[in-house]
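What the coordinates show
Single-letter residue listing:
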Amino acid sequence: MNAIADDRMVSTATYDPVARGLHWLTALLVLAEYIVGNAMPHVRLAPPFAFLVQVHLALGSGLLLVVLFRILWRLTHRPPPPPPLPALQRRLAGATHFLLYLTLILMPLAGWASASAHGYPVRAFGILSLPALVPYRARLGFILGMIHADVLYWIFLALIAMHVGAALYHRFVKRDSVLSRMLPGA
Ligand code: HEM
Ligand code: HEM
């Protein structure tokens, strides 16, 4: 295959429809969790199991299941060939994606531990009951709750800002095909 055909093949490659669907479902759930998490009463000050806290736990634990399935899918389905970018940029993108996956797991786990320490039941999408992660009133659960709300919160936000910033930079400054790799219907 000659170089031009090869480049065209790389630049039109997209993630498979399931991977793209899971990407945007993840993004939507994370956005909802940031909004509901900030709108709900402060758990440390208002221990009653308020409605918005219930929504936060239901969506967040549902997100955890979606992310586990997404990772399984990613490991068993080959992603498209990497976009034609300088090696350093490719490595930076790879590292950011890995850290996004890691935070997508740690953030819900820390929140779940906090919920268990507060004695809140956790039901994924409001349907599937999950067991308590730590015992009621366990110190570890409260510490993980603080890490969830004050540390991972900011790390995750910074990673998302870098990731979305890079996607928009490729689209509107470089005008290349990186974003279309993940767009629905591409
Ligand atoms: C990516 C997913 C998630 C995001 C972005 C997120 C975001 C947030 C935000 C913004 C807060 C409020 C911070 C504050 O101002 O105090 C919060 C608190 C909390 N979240 Fe999440 N959350 C996520 C997943 C979860 C999950 C899965 C659970 C439980 C199953 C959970 C349980 C909690 C609890 C219990 C608190 C109160 C923490 C404390 O004060 O001890 N979160 N979360
Ligand atoms: C909370 C929000 C988001 C999270 C957690 C997230 C997470 C991820 C992850 C983990 C990957 C790596 C996929 C893989 O190779 O397995 C990825 C890829 C990608 N994301 Fe996001 N994403 C979010 C939002 C967005 C948004 C808003 C955009 C666009 C404006 C976007 C555009 C892309 C693109 C274009 C790729 C493919 C990059 C490539 O092919 O190298 N993402 N995302």
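Preceding this section is the structure that the text describes.
This part is about the coordination of the iron atom of ligand 2. Summarising the metal site, the iron atom of ligand 2 is bound by the protein donors His23 (NE2) and His163 (NE2), whose distances to it range over 2.0 Å. Because the angles between the six donor atoms bound to the iron atom of ligand 2 fall within 89 to 180°, the donor set is best described as octahedral. Remark: histidine 163 occurs in helix α5 (residues 139–174) and histidine 23 occurs in helix α2 (residues 17–39); sequence separation between them is 140 residues. The exposure class of histidine 23 is buried, given its relative accessible area of 13%.

Below, the discussion takes up the site of ligand 1. Around ligand 1, 26 residues are found, and the nearest of them are Arg44, His56, Gly60, Ser114 and His148. Taking histidine 42, its side chain carries an N or O atom lying 3.3 Å from an oxygen atom of ligand 1. Within the contact set of ligand 1, a nitrogen atom lies 2.8 Å away from a side-chain nitrogen or oxygen of histidine 56. Elements with a minimum of two residues in the shell around ligand 1: α2, α3 (51–76), α4 (87–118) and α5. Take the shell around ligand 1: its biggest share by element is seven residues, from α4.

Looking now at the packing of α2 against α5. Axis angle and axis distance: for two packed helices, these are the angle between their axes and the distance between the axes, and together they describe the pair. Taken N-terminus to C-terminus, the directions of α2 and α5 make an angle of 135°; their axes are 13 Å apart at the nearest point. The pairing of α2 with α5 is recorded here as oblique in orientation. Where α2 crosses over α5, the two elements pack in a sense that is left-handed. The residues of α5 that touch α2, namely those facing His23, Val30, Tyr34 and Asn38, are Tyr153, Phe156, Leu157, Ile160 and His163. Looking at the contact of α2 with α5, its residues break down into six nonpolar, three polar and no charged.

Bound to the iron atom of ligand 1 are the protein donor atoms His56 (NE2) and His148 (NE2), situated 2.0 Å from the metal. Taken together, the six donor atoms coordinating the iron atom of ligand 1 and their angles of 86 to 180° define a geometry best described as octahedral. Here histidine 56 is found in helix α3, whereas its partner histidine 148 is found in helix α5, with 92 residues between them in sequence. In this pair, the class of histidine 56 matches that of histidine 148, namely buried.

The next point concerns the side chain of histidine 170. Within the fold, histidine 170 resides in helix α5. What makes histidine 170 buried here is its relative accessible area of 7%. Aside from chain neighbours lying at most four places away, what touches histidine 170 is Leu85, Gln89, Arg175, Asp176 and Val178.

How each quantity is defined
Residues numbered from 1 in each chain as written. Chains lettered and ligands numbered in written order. Predicted model: local features only at pLDDT ≥ 70, side-chain atom pairs only at ≥ 80, totals over all residues. Heavy atoms only, no water. Donors = N, O, S within 2.8 Å, 3.2 Å for Na, K, Ca; no water. Tetrahedral: all angles 85-135°; square planar, octahedral: opposite > 155°, others 65-115°. Helix = DSSP H or I, 4+ residues; strand = E, 2+ residues; numbered from the N terminus. Buried < 20%, exposed > 50% of the residue type's maximum accessible area, 1.4 Å probe, protein only. Near = heavy atom within 4 Å. Polar contact = N/O pair within 3.5 Å; in protein donor to acceptor, adjacent residues only side chain to side chain. Axes fitted to C-alpha atoms, helices over the stretch in contact; angles between N-to-C directions. Parallel < 35°, antiparallel > 145°, perpendicular 65-115°, else oblique. Left-handed = near helix turned anticlockwise from the far one by under 90°. Contact = heavy atoms within 4.5 Å. Nonpolar A, V, L, I, M, F, W, Y, C, P; charged D, E, K, R; others polar.

Keep in mind that these numbers describe shape and distance, not what the molecule does.
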